[in-house]
Structures are given as C-alpha cells and as structure tokens.
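Summary of structural features
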Amino acid sequence: MTDQTPRRRAPQSGPQQRKQMLLRLDPAVHDALARWASDELRSANAQIEFLLRRALAEAGRLPGGAAPIPRRGRPPKAPEAPEPE
C-alpha cells in the first residue's frame, strides 16, 4: 500500500453487519423491479432481499438463523393509555 492509497475501514462486528454485493441486471428487469418495489413501498434493494428470502423459504433453504428483515421508517405509535376517571 502506498502513501496515496486510503486505508480501508475495519468492518463492524456484531449482528448488524450486512453483506454487500454487486448485482448486474438487464435494464428492463431493473425497471420492472423498481416499479414493483415502488408499488409495495420498498426500495429496489429491499424488494430483491424480500424476493430472495421468499424463494429460499419456498425451497426449504432459508437458514433458521437468518435474522428477519429489519423494519425501516418511522416506528409504530405506542397505544394511548386510558385517561384516569
């Protein structure tokens, strides 16, 4: 490594670390996927993960230790407590 080459950051440890990968898609397939994801209020990335998990589950190949898909967005509202009488 030369002085000009930036150092890579060490990967974070723990269960929050997610794998990154490059995926090459036909542009028409990507457009269809992006429209489908938009219809279901997901990002294209979340839609791909959703579809892969569903396919793995249907094939009986989803590992039991796979963490659930993390929820994104605003947390749900807490139920209101009844007012004292």
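Residues numbered from 1 in each chain as written. Predicted model: local features only at pLDDT ≥ 70, side-chain atom pairs only at ≥ 80, totals over all residues. Heavy atoms only, no water.

**Focus: the overall build of the chain**
When helices and strands are counted, the chain shows two helices and zero strands. Burial status across the chain gives 6% buried among its 85 residues. Approximately 8,800 Å² of the chain is accessible, and the part contributed by carbon and sulfur atoms is 53%. (Helix = DSSP H or I, 4+ residues; strand = E, 2+ residues; numbered from the N terminus. Buried < 20%, exposed > 50% of the residue type's maximum accessible area, 1.4 Å probe, protein only. Areas by Shrake-Rupley, 256 points an atom, 1.4 Å probe, with all protein chains shown as cover.)

**Brief notes about unusual backbone geometry**
Backbone geometry places L41, a non-glycine residue, at a positive phi of 55°. By the secondary structure assignment, L41 is in the loop between helix 1 (27-39) and helix 2 (44-58). Taking relative accessible area as the criterion, L41 reaches 81% and is therefore assigned exposed.

**As for the layout of surface pockets**
In this structure, the largest pocket spans a volume of roughly 850 Å³. Lining of the largest pocket is provided by 21 residues; of these, R18, K19, N45, E49 and R53 occupy positions nearest its centre. (1 Å grid on protein atoms, 1.4 Å probe; cavity = no way out; pocket = protein on both sides within 12 Å on 5 of 7 lines; lining within 4 Å. Points joined across faces, edges and corners; volume = space filled by probe spheres on them.)

**Quick notes on helix 2**
Over its 15 residues, helix 2 extends 21 Å from the first C-alpha to the last, a length consistent with the 21 Å expected when each residue adds 1.5 Å. Packing partners of the buried residues in helix 2 comprise helix 1. (Expected span 1.5 Å × (residues − 1). Contact = heavy atoms within 4.5 Å.)

**Looking at the packing of aromatic side chains**
Under the defined criterion, the tally for this structure stands at zero aromatic pairs. Above the face of the F50 ring, R42 is positioned so that its terminal group lies 3.9 Å from the ring centre. (Phe/Tyr/Trp six-rings, centres within 6.5 Å; stacked < 30°, edge-to-face > 60°. Lys NZ or Arg CZ within 6 Å of the ring centre and 35° of its normal.)

**A look at the packing of helix 1 against helix 2**
Contact pair helix 1 / helix 2: the axes reach a minimum separation of 9 Å and the direction vectors enclose 90°. Here helix 2 runs roughly perpendicular to helix 1, going by the angle between their axes. Here L33, W36 and A37 of helix 1 come into contact with helix 2, specifically with A44, Q47, I48, L51 and R54. Among the residues forming the contact of helix 1 with helix 2, the class breakdown is six nonpolar, one polar and one charged. (Axes fitted to C-alpha atoms, helices over the stretch in contact; angles between N-to-C directions. Parallel < 35°, antiparallel > 145°, perpendicular 65-115°, else oblique. Nonpolar A, V, L, I, M, F, W, Y, C, P; charged D, E, K, R; others polar.)

**Thoughts on a nonpolar patch on the surface**
A contiguous nonpolar surface patch, about 390 Å² in accessible area, is contributed by M21, L23, L25 and V29. Mapped onto the elements of the fold, V29 is located in helix 1. When its relative accessible area of 46% is taken as the criterion, V29 is described as partly exposed. (Patch = residues over 30% accessible without salt bridge, like charges linked within 9 Å, V, L, I, M, F, W, Y side chains within 5 Å. Salt bridge = Lys/Arg side-chain N within 4 Å of Asp/Glu carboxyl O.)

**Some thoughts on the side chain of R53**
Checked against the element boundaries, R53 lands in helix 2. For R53, a relative accessible area of 19% corresponds to the buried category. Non-local contacts of R53, meaning those with residues more than four positions away in its chain, are made with L62, A66, A67, P68 and I69.

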